[in-house]
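Remarks on the overall topology
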Amino acid sequence: MEHASGVIGLVGQIVGLLLIAAGALALTKRIRLPFTVLLVVVGIVLSLLAEHGPAFLRPLVAYDIAPDVILYVFLPTLIFESAFNLDAQHLRENLAPVLVLAAPGLLLSTALIGGIVALATPIELPAALLLGAILSATDPVAVIALFKQLGAPKRLTVLVEGESLFNDATAIVAARIILGVALAGYLAPDAAFRGALAFFAVFFGGVVVGWVAAVAIGYLVGLVEDDPFIEISLTTILAYFSFLIAEQLHVSGVMATVAAGVTMGGWGRAKISPSVTEYVAHFWEYLAYVANALIFLLVGLRVELGTLGDAVGLLGWVVLAMLVSRALVIYGLVPLLGKLPGAEPINWRYQTVMFWGGLRGAIALAIVLSLTEFEDRDIFVALVTGSVLFTLLVQGLTMETLVRWLGLDQPPLSDRLARAEGVLSAKHRALERIPELESGGLFSARIAERLRERCEGGMQEMRRRLDELRSQELDRDMERRLLFLRCFAVEKTLYYQMFARAHLSEGSYRGLSHSIELQTDAIRHEGRVPEYTLHPPGGGMEDTVVRALDRVLGFTQFPERMRTARTARDYEVTWGRVQGSARVLEELDALGREEAARTEVVDEIRAYYRYWHENARERLDTTAAQFPEFVGSMQERLAERLLVHAEREAIEEAAHAGTIPTGVAEKMLEELATEIRELRAADVGKLRVQPGELLRKVPFFRETPEQEFQRVADRLRPHTAPTGETIIHQGESGDSLFLIARGVVRVSREEDGVVRALATLLAGDFFGEMALLHAEPRTATCRAVTPCALYELRREDLDAVRAACPAIQAALEAADRERRRSLREL
C-alpha cells in the first residue's frame, strides 16, 4: 500500500505540473511572453505561495527530479526533436560557424569564464574552469519560440539552434574532463594534450555512433508501410538507443543523438511513410513540450531565493564573466569566419542577437546537479541556478525588444513577396467564383456586387504593395533569384506529392530533391543556374561505383541489376521532371497574367523551364523508341495507380459522410494501400532484351543456325547502359567487345586535349574488338546516347563463339582493319 501511495502521489504531482504548464501555455498566447520564461516565473511564485499559502501546493513544490532523469530521459527527447526538425540544408550551409562556436568557441568561453572567476573570487582555477564549462552550454528554447513568433530570418534561427545542439555535447564532455582534473587535485604536464585528444575522440565518436544508428533504423523504417505506431516507435528507439549506446561506448551521447536526429530528419525523412510524417512531427513536438514544461517549471520551483541572496556577490562576478566571455566569442570568432574563402559573412545584427540570445537552461542544471562527488556542489548549484535565472528573466524578457530594435522582426523579402502574391492570387480566385455562387442563388446581386468591389479593392491594394516592395527593396537580379526560388519550391512540393502518391520511388524522389537543392544553392549564392544537376556527363559517381563493382563482381548479376535499376530510375526521374516543369510553366503563365510588371523576369525563367521541359520530353521519347515494352508497362502502372487513388478518395468521402462504417472503410483502404505499393515498383524485366534480337540485327549472326546461336547466347553477358554512361574509356585495359541490341552509342577519341567524334553506332553494330583481338588498351571512348541494351563478349568466351559462328572472326578482323585505318587518317 505504501508503494502504491507513492506511485499515486508521483502521478498526481506530474499531472499537476502538466496542468500548470498547459495554463501557462494558454497565457503566453495573450501576454506574448516566452513559454519557458513564464514557466520559471510561475514556478518561483508557486514555491513562495507554498510556504505561506494553501497546503495542496506543497506536494508540487516538494517534487524533485534526479539529474539522471534529465540527462537520460528528457535530454534525448529535446536533442532529437530539435535535430530532427532542423533544416539540414541550412545547417550544411552554416556548419562552419556552428561548429566553430560549438567546439573552439565553447572551449574559449570555458577558459574565459574560468579565468575571470578564478581571479575575482576565491574559487580555485580547476573548479572555476568546471563552472565555465557548465555555463557555456546554451539553451535557446525561449529564443527560438520568439523567433517563430516574430518571423525572424531562417539563417539566424539555424545559427542559434545549431550552436546550441552541438555545444551541449561539447559542454558535457568538457565538464567531465575538467571534473576529473578537479577531483584529482593536480594538473599533469600533458593533461591539456590528453584532454584535447579525449575531447575529439568522444565528440566525433558520438557522431559516428549516431550516424550508424540512424542509417540502421532508417532502413528498418523504410521496410514499414503506413504504420504510425511502428514508425514512431522506431524513431523513439533511435533517439534513446543512439544516446545509450554512445554512453556505453564512452563517447558523447548528446552528439550521437544530434547526428541521429539530423540524419533521420534529412536522409531518413523519405524513409518515413508520407501518411505518417505528420504523426511523427506532432509526436516529437508534444514530447519536447512535456520535457521543457517539466524542466523549466522545476527550475522555478527549486529556486531558493535566500541561498541566491547569500551568493549574490559571487553570482555577480559569474554573470559578468559569462557575458564577457560570450561577447568575446561572438564578436571575436564570428567575424573571422566571414573572411574565409566562400564563407557568407554574419552581420553585426545577427551577432548581437546571438550574443544576447545565449540563454542557459536545462543542460547546465543537469550537469551541475550530477556533481554528486564534488565538494563545492551546493555553491555551484546556487551559482548555476542564479545564472540560468538571469539569462531567462533578464535576457529572455528583453530579446523581443532587441530583435525589434535591430529590425529582425520583419520576415525576409521573399516571404513578404510570397504573402502578397498569395493574397493577390486568393482574391483573384475568389473574384472568379462570385458569378458561380451568385447564379446558384446563394445571395442577391447587390451582395455579389459588394463582394466584387471588396475583392477588386483588395487586389488593387496587394498590387500597390507589390509595386512598393519592388521599387524600394527589389532590383531585377534579386527579383530573378526570388522567382527562381519560388519555382524550385513549387517543383519540390510537387515531387513530394508524387512520392506520397507512389508515382515516384524513393530513389527518384531523392534524385529530384537533390537536383532542386543544388539549383537552389547556385541561385541563392551565385545567382546562376547550374550547368547540370540530374544527368552529369559520364554518369557521375554512380557510374564509377558500378564500373568498380563490374571489375570485382562481374561474374555475378549484381552490377547488371544496378545498371538496369538505374535505367528505370532515369526514366522515372525524367518523367517527374516533365511533370514538375509543366507545373511551374502553368504557375508562370498565371503569374504573367496577374502581374504584367514582371513580364521580363517571368519570360526569362519561362525560357529555362521550357528548355528543361523539352529536353526531358525528348529523353522520354528516346526511351520509348528504344524500349517501348518498358514505357508501356510504366504508363499502364501509372494509370492503375490513378484509378486506385480515385477509389481511395471515394471511400474516404463515403466514410466521412457516414455511408460506410469506419471499420469497413479502414479495411478497404488498407487493401488499396497494398495495391498501390505493388504498383509502385518499375517492371525492370521489360528492359531486358532477349539475345535472339541479335540474330536479326548483327550481320555475322544472320547465317548462324538458331540451335547453334543458343551456344553463342550462353556466352554473351547482358549489359544495360543508361543514357550518358561511359561504356568504355579510352586508354583503359579491356578484354571484351560489345554488341548493340538496342540504342545508340557515340564513339569519340581525345588527342592533344581535343575530343573528336568518330562514329555513331546503332543496333546491330559492335565496338571494342581491338582490345578483344590484340589485348591492347582501348583506343576510343564509347558513351550511351540513349538507353542501350548491349551484350558483352569476353576473350575467354571467344573460342566457343567462334566455333558456333565462324563468320565472327572475319567480321571482327575486317572491322579492326577499317577502324585502324580511320585512326591513322585522323
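The preceding data block contains the structure.
Source: prediction; values computed, not measured.

In terms of residue burial, strand β3 (residues 736-742) counts as a mostly covered element, since 7 of its 7 residues are buried. Across 6 bridges, the pairing between β3 and strand β8 (residues 788-794) is antiparallel. Note that in β8 the partner of I740 across the bridge is L790.

The next thing to look at is the packing of aromatic side chains. All chains considered together, the criterion is met by 20 aromatic pairs. Aromatic side chains F355 and W356 sit 5.9 Å apart centroid to centroid with 50° between the ring planes, which places their arrangement in the tilted category. An identical accessibility class is assigned to F355 and W356; each is buried. Clustering of aromatic rings is evident, with ring pairs tying together F484, F488, Y608, Y609 and W612. Note that R269 overlies the ring of F84, its terminal NZ or CZ placed 4.4 Å from the centroid. Between the NZ or CZ atom of R577 and the centre of the ring of W612, over which it lies, the distance is 4.9 Å.

This brings us to the side chain of R641. Turning to its location among the elements, R641 is positioned in helix α27 (residues 628-657). Those residues in contact with R641, other than ones at most four positions away along the chain, are R501, A502, H503, L679 and R680.

Relative to the elements of secondary structure, A565 occurs in helix α25 (residues 558-594). When the C-alpha positions of A565 and P722 are compared, they lie 9.2 Å apart, and in sequence the two are 157 residues distant.

Let us look at the sheet that holds strand β4 (residues 745-751). If you walk across this open sheet you meet the 4 strands as β2-β7-β4-β5, and the pairing is antiparallel. Bordering the open sheet on either side are β2 (726-728) and β5 (754-761), each of which pairs with just one other strand. Averaged over all pairs of adjacent strands, the angle between their axes in this sheet comes to 30°, without regard to strand direction. Where β2 lies against strand β7 (residues 781-784), 2 bridges are found, and the strand directions are antiparallel. Residue pairing in the sheet places I728 in a bridge with C782 of β7.

About the thresholds
Residues numbered from 1 in each chain as written. Predicted model: local features only at pLDDT ≥ 70, side-chain atom pairs only at ≥ 80, totals over all residues. Heavy atoms only, no water. Buried < 20%, exposed > 50% of the residue type's maximum accessible area, 1.4 Å probe, protein only. Helix = DSSP H or I, 4+ residues; strand = E, 2+ residues; numbered from the N terminus. Pairing = 2+ DSSP bridges. Phe/Tyr/Trp six-rings, centres within 6.5 Å; stacked < 30°, edge-to-face > 60°. Lys NZ or Arg CZ within 6 Å of the ring centre and 35° of its normal. Contact = heavy atoms within 4.5 Å. Axes fitted to C-alpha atoms, helices over the stretch in contact; angles between N-to-C directions.

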